[in-house]
Amino acid sequence: MITPTTLEDVVYNPPAYVWAITIGGPAAVAAVTCAVLYSGAKRAGLGTRSATLVAGAAAVLLGGWITASAVIAGHGWYEAQAGRVPWLAVAAAGCLATLLALSRIPVVTRALTAEGMAARLLLPHSFRVAGVFFLLYMAFGHLPAVFALPAGLGDIAAGIAAPLAARRLAHGTGRRAALWFNAFGITDLVVATTLGALTGYGLLDVTPSAAPIGELPLVLIPTATVPLLLALHITSVSTLVRATRPAPLADRLHFGATSS
């Protein structure tokens with residue numbers, strides 16, 4: 001159970017610029033993801049209309065969930081309390097499972113596996129530099145350093161590395177670097193999520209309390225942005241691994257017959 005030391009911990013409202021960074025970064029991640037899906041659908045030969053529908057559906061889904069999660073947080077349902085279902089964890093897990101399931105829809109799969117998508121899937125991670133808001137929360141005394149430092153610094157590092165890894169991969173020389181980037185990015189998210197759960201649910205006795213994790217605007221990160229980033233990582237790794245596999249024997253025989 002979270003036991004805030006002061007009333008300010010419960011009703012803490014960050015400055016406007018912290019709100020802007022905290023919301024702007026995740027919004028940019030979602031927007032670029034939709035743009036990447038549109039590009040992938042076009043490259044897969046689906047046509048402008050189908051590509052627009054894919055990107056539009058993604059925008060509605062992501063925007064709708066962010067809005068719904070904000071409403072849930074506004075009612076205080078994400079706050080950690082003894083005897084209450086950990087709805088924040090349920091929401092995060094459900095969002096990730098939904099995104100991975102939707103990626104198996106044939107038209108979405110075609111868009112995600114189109115030529116050049118391995119590099120483009122890394123681009124949304126560039127906006128993880130907005131993770132500086134974790135450090136701002138810590139500086140204002142409203143997040144424990146044991147959580148804020150690895151979460152903030154890890155996100156900033158991933159945000160800086162993402163466009164570099166994408167550029168190398170686009171030039172055909174960065175497959176290994178892209179795999180290492182995905183490994184680092186996943187590790188960063190898992191570590192941050194674990195520390196957030198430990199401090200947020202009082203399993204680690206820290207000061208200040210981690211109450212803002214379950215409040216707006218910060219709660220949108222674990223419930224919406226982290227699942228999206230993890231889904232992007234998983235899809236990217238799957239795309240990179242699939243690209244290195246030899247074609248099935250039947251396909252190679254068919255190609256050989258066609259060439260002759």
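Every value quoted in this text rests on a predicted model; they were computed, and no experiment measured them.

(A) Examining the overall build of the protein chain more closely. A count of helices and strands for the protein chain gives eleven helices and zero strands. Mapped from its N terminus to its C terminus, the protein chain presents α and β elements in the order α-α-α-α-α-α-α-α-α-α-α. Looking at the protein chain residue by residue over its 260 residues, the buried ones come to 42%. Sequence separation of at least 24 residues holds for 79% of the intrachain contacts in the protein chain that already meet a minimum separation of 6. Accessible surface for the protein chain amounts to roughly 12900 Å². Of this, 70% is attributable to carbon and sulfur atoms.

(B) Region of interest: the environment of Phe184. Along the polypeptide, Phe184 turns up in helix α9 (residues 175-200). Between the alpha carbons of Phe184 and His233 there is a distance of 9.9 Å; along the sequence they are 49 residues apart. Ignoring any residue separated from it by four or fewer positions in sequence, one finds Phe184 in contact with Gly154, Ala157 and Ala158.

(C) Summary view of the side chain of Asp188. Looking at the secondary structure, you find Asp188 in helix α9. A distance of 2.7 Å separates polar atoms of two side chains, one belonging to Asp188 and the other to Arg128. Beyond its immediate stretch of four places on either side in the chain, Asp188 contacts Arg128, Pro150, Ala151, Gly154 and Asp155.

(D) Region of interest: helix α4 (residues 87-102). Across its 16 residues, α4 extends 22 Å between first and last C-alpha, which sits within 8% of the 22 Å expected from 1.5 Å per residue. Listed in full, the buried residues belonging to α4 are Leu88, Ala91, Ala92, Cys95, Leu96 and Leu99. Axial view of α4: buried residues confined to an arc of 125°, hence all on one face.

(E) View of the pattern of salt bridges. In this structure the tally under the stated criterion is two salt bridges. One salt bridge in this structure joins Asp155 and Arg128, with 3.3 Å as the shortest N-O distance. Within this pair, whereas Asp155 is found in helix α8 (residues 145-170), its partner Arg128 is found in the loop between α6 (117-120) and α7 (132-139), the two being separated by 27 residues in sequence. For the pair shown, Asp155 and Arg128 are each scored as buried. The salt bridge partner of Asp188 is Arg128, with a shortest N-O separation of 2.7 Å. Taken together, the positions of Asp188 in helix α9 and Arg128 in the loop between α6 and α7 put the pair 60 residues apart, joining distant regions of the chain.

(F) Structural detail: the nonpolar core. Phe134, Leu143, Phe147, Ile213, Leu218 and Leu228 are the most contacted members of the largest nonpolar core, which has 43 residues in total. Listing elements by their share of this core, those giving two or more residues are α2 (16-43), α3 (47-74), α4, α5 (106-112), α7, α8, α9 and α10 (220-244). Looking at this core element by element, the count peaks at seven residues for α10. Membership of the second largest hydrophobic core comes to eleven residues, among which are Ala118, Leu122, Ala162 and Leu169.

(G) Up close: the packing of aromatic side chains. If you walk through the whole model with that rule in mind, you get two aromatic pairs. When the ring of Phe133 is compared with that of Phe134, the centres are 4.6 Å apart and the planes differ by 45°; the resulting orientation is tilted. Summarising the burial analysis for this pair, Phe133 and Phe134 share the class buried. Ring centres 5.4 Å apart and planes at 85° place the aromatic pair Phe134 and Phe147 in the edge-to-face group. Taken as a pair, Phe134 in helix α7 and Phe147 in helix α8 lie far apart in primary sequence, 13 residues in all. Comparing Phe134 with Phe147, the two get one shared label, buried. Feature note: the residues Phe133, Phe134 and Phe147 constitute an aromatic cluster, connected by ring pairs.

Cut-offs applied
Each chain has its residues counted from 1, following the order in which its sequence is written. Residues qualify for local features only when their pLDDT is at least 70, as the model is predicted, and side-chain atom pairs are given and counted only at 80 or more; totals for whole chains, interfaces and linings, by contrast, use all residues. Side-chain metrics rest on all non-hydrogen atoms present in the structure, leaving aside hydrogens and water. In this text, helices come from DSSP runs of H or I with a minimum length of four residues, and strands from runs of E with a minimum of two, each type numbered from the N-terminal end. The rule is simple: take the accessible area with a 1.4 Å probe, protein chains only, and divide by the maximum for that residue type; under 20% is buried, over 50% is exposed, in between is partly exposed. In this description, contact between two residues means that some pair of their heavy atoms is separated by no more than 4.5 Å. For every accessible area listed, the method is Shrake-Rupley and the probe measures 1.4 Å; residues are considered covered only by the protein chains on display. By the criterion applied in these results, polar contacts are pairs of N or O atoms within 3.5 Å in which, for protein atoms, one can donate a hydrogen and the other can accept it, and in which residues neighboring in sequence qualify only through two side-chain atoms. In this scheme, a helix's expected span is set at 1.5 Å multiplied by one less than its residue total. Arc, as used here, means the arc of the directions from the helix axis to the C-beta atoms. Any carboxyl oxygen of Asp or Glu within 4 Å of a side-chain nitrogen of Lys or Arg constitutes a salt bridge here. Nonpolar cores were defined as sets of buried Ala, Val, Leu, Ile, Met, Phe, Trp, Tyr and Cys residues, with membership established by side-chain atoms within 4.5 Å. What counts as a ring pair is set by centres within 6.5 Å for rings of Phe, Tyr and Trp (its six-membered ring), and what kind of pair is set by the plane angle: stacked under 30 degrees, edge-to-face over 60, tilted for all other angles.

Geometric descriptors of this kind do not, in isolation, establish any biological role.
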